[in-house]
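Inside the fold
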Amino acid sequence: MNRKIALITGASRGLGKQMALHLSAQGIDIIGTYHSRADEAQRVAETIEQGGGRALMLALDVGDSSTFAAFAAQLSQGLKQTFGREGLDFLINNAGIGVRAAFAETREAQFDLLMNVQLKGPFFLTQALLPLLADQGRIVNVSSGLARFSLPGYAAYATMKGAVEVWTRYLAKELGPRGITANVLAPGAIETDFGGGAVRDNAELNAFVAANTALGRAGLPEDISAAVAMLLTDGGRWITGQRIEASGGMFL
Ligand code: NDP
């Protein structure tokens, strides 16, 4: 039986890196993308290969949709050369950036950057990759707890994530006839480099998150990779069009 293949955007660091390591440990082949950190992506690939898995890392700017057709062609070639396959099974739209600005001070350039990376990018990347996504495949779009609860400073960021959640329901509806599921995984605050590493490195913020989380601590990348694995394995087969929040119960 063919091994499954997952494409994870933003697999060089943070949540995407941990997803790549976790899914690989479960026997899934990994195609990861990176933007600025080819070195980190290479390290992730080496770790996977040392563990007996297979990984291919490709450069991609999710914020530049003009590159997606060429990326799809490169991906198609990589699938054949590295894995002997025509298509992939799982697409995880994870890559993203945080921009913190109060609504009253949000500049158009900040809004446009967030829109391109967090919303337009995943939307048109998924469209470009549809011919490569196998029937019965699965799509996971990474949103944020901030699309459910509101914290000052994230109006533009959370607006994009909210749109991703609406788009995901349409994906589920329109791709259902092919047996493809599409779900949102919404992490709470997780200790990564995101937002300058604030949740991890700022003790006050970390304590604030822990105090407002039912399970009593900030999230770790492992908490999110485990939730993604659940959606991609048998337990997720009848789940589609849903928003699953993995936040340890933030702001319940
Ligand atoms: P990190 O900053 O740790 O990692 C971001 C990843 O995205 C890196 O692999 C980076 O690549 C990649 N990336 C950034 N910009 C681009 C771009 N323009 N094109 C392609 N890839 C890009 O962030 P997290 O891992 O924490 O975040 C991952 C996702 O989770 C994001 O969508 C974020 O919004 C979401 N999220 C995060 C939360 C958190 O608290 N950490 C909470 C809720 C949601 P490279 O390193 O090569 O530049």
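In this report, we go over the structure that sits alongside the text. Computed from a prediction, not measured in an experiment: that's the story for all the values here. For every chain, the first residue of its written sequence is number 1, and the numbers climb from 1 along that sequence. In view of the model being predicted, local features appear only for residues whose pLDDT reaches at least 70, and side-chain atom pairs are presented and counted only at 80 or more, with totals across whole chains, interfaces and linings using the full set of residues. Each side-chain value is derived from all of the structure's non-hydrogen atoms; neither hydrogens nor water enter the calculation.

Points about the packing of helix 4 (residues 108–129) against helix 5 (residues 155–175)
Definition in use: Angular values range over 0 to 180 degrees, each being the angle between N-to-C directions of two axes fitted as lines to C-alpha atoms, with helices fitted over their stretch in contact. The secondary structure listing takes helices from DSSP runs of H or I that are at least 4 residues long and strands from runs of E that are at least 2 residues long, numbered from the N terminus. Here the angle decides the label: under 35 degrees means roughly parallel, over 145 means roughly antiparallel, 65 to 115 means roughly perpendicular, and every other value means oblique. Take the far helix as your reference; a near helix turned counterclockwise from it by less than a right angle gives a left-handed crossing, and one turned clockwise gives a right-handed crossing. A contact between two residues is defined here by any heavy atoms of the two lying within 4.5 Å. Any residue outside Ala, Val, Leu, Ile, Met, Phe, Trp, Tyr, Cys, Pro, Asp, Glu, Lys and Arg is labelled polar, Gly included; the first ten of those are nonpolar and the last four are charged.
Two numbers describe how helix 4 lies on helix 5: the axes approach to 9 Å, and their chain directions differ by 15°. For the element pair helix 4 / helix 5, the angle class is roughly parallel. The handedness of the crossing between helix 4 and helix 5 is right-handed. Contacts between helix 4 and helix 5 pair Phe-111, Leu-114, Met-115, Gln-118, Leu-119, Pro-122, Phe-123 and Thr-126 from the former with Ala-156, Tyr-157, Met-160, Lys-161, Ala-163, Val-164, Trp-167 and Leu-171 from the latter. For the contact of helix 4 with helix 5, a count of residues per class yields 13 nonpolar, two polar and one charged.

Some words on the sheet that holds strand 4 (residues 88–93)
Stated precisely, the cut-off is as follows: At least two bridges found by DSSP between two strands is the condition for calling them paired.
Overall, parallel pairing links the seven strands, which are arranged 3-2-1-4-5-6-7 in an open sheet. Each end of this open sheet is capped by a strand with a single partner; those strands are strand 3 (55–59) and strand 7 (243–246). Strand after strand, the sheet turns through a mean of 20° between neighbouring axes, direction not considered. Where strand 4 lies against strand 5 (residues 133–142), five bridges are found, and the strand directions are parallel. Paired with Asn-93 across the bridge in strand 5 is Asn-141. Here helix 1 (residues 14–25) sits on the sheet and contacts strand 1 (5–8), strand 2 (29–34), strand 4, strand 5 and strand 6 (181–187); the angle it forms with strand 1, its principal contact strand, is near 170°.

Regarding the pairing of strand 4
Using the following cut-off: Buried, partly exposed and exposed residues are distinguished by accessible area as a fraction of the type maximum, computed with a 1.4 Å probe on protein chains only: under 20%, between the cut-offs, and over 50%, respectively. Here is how to tell: hold the view so the strands point away, follow the path from the first strand over the helix to the second, and if it runs clockwise the crossover is right-handed.
The buried count for strand 4 comes to six of six residues, which makes it a mostly enclosed element. Handedness of the crossover is the feature at issue here: the chain leaves strand 4, passes through helix 4, returns alongside strand 5, and the resulting connection is right-handed.

Concerning the site of the ligand
Rules: Any residue with at least one heavy atom within 4 Å of a molecule or strand is counted as near it. We define a polar contact as two N or O atoms separated by no more than 3.5 Å, with the added condition that, inside protein, one atom must be a possible hydrogen donor and the other a possible acceptor, whereas residues neighbouring each other in sequence contribute only through side-chain atom pairs. Each accessible area value is a Shrake-Rupley result obtained with a 1.4 Å probe; residue values ignore everything except the protein chains displayed when judging cover.
Around the ligand sit 32 residues, and of these Arg-13, His-35, Ser-36, Tyr-157 and Thr-192 come closest. At 2.5 Å, a side-chain N or O of Ser-36 approaches an oxygen atom of the ligand. Here a nitrogen atom of the ligand and a backbone polar atom of Leu-60 are 3.5 Å apart. In isolation the ligand offers 910 Å² of accessible surface; the protein chains occlude 95% of this area. For the shell around the ligand, the elements supplying multiple residues, two or more each, are helix 1, helix 4 and helix 5. Classifying every residue of the shell around the ligand gives 14 nonpolar, 13 polar and five charged.

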